[in-house]
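Chain by chain, the residues:
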Amino acid sequence: MKFETLMLRGLFIACLAVCGLIFGAMVTTTPASVQLATHGGVGAILLAAPTSCALPPDGVVCPQLGG
């Protein structure tokens, strides 16, 4: 009984440590869109924008402007 209790407490502490590390990474990481908006101008935003549509060009889902 003592061994099982020790194993469960160890598992609980390991899970808490992993959850704490994941939470810390989520809190401290800055998304790329926020970095782009704060550090780049309009030129950087236009360079980061995709040139083609990832969806099928059917005119409704992905309209083609000027094309």
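The structure we're discussing is the one just above.
Residues numbered from 1 in each chain as written. Predicted model: local features only at pLDDT ≥ 70, side-chain atom pairs only at ≥ 80, totals over all residues. Heavy atoms only, no water.

Participant: Give a description of the overall build of the chain that names residues and reports values.
Facilitator: Looking only at helices and strands, the chain has 3 helices and 0 strands in total. Scanning the chain from its N terminus toward the C terminus, one meets helices and strands in the order α-α-α. Summed over its atoms, the accessible surface of the chain is roughly 6100 Å², and 74% of this surface lies on carbon and sulfur atoms. (Helix = DSSP H or I, 4+ residues; strand = E, 2+ residues; numbered from the N terminus. Areas by Shrake-Rupley, 256 points an atom, 1.4 Å probe, with all protein chains shown as cover.)

Participant: Any details on a nonpolar patch on the surface? Residues and values, ideally.
Facilitator: Taken together, the side chains of Val18, Ile22, Phe23, Met26 and Val27 make up a nonpolar region of the molecular surface, amounting to roughly 530 Å² of accessible area. Residue position: Phe23 is located in helix H1 (residues 2-28). (Patch = residues over 30% accessible without salt bridge, like charges linked within 9 Å, V, L, I, M, F, W, Y side chains within 5 Å. Salt bridge = Lys/Arg side-chain N within 4 Å of Asp/Glu carboxyl O.)

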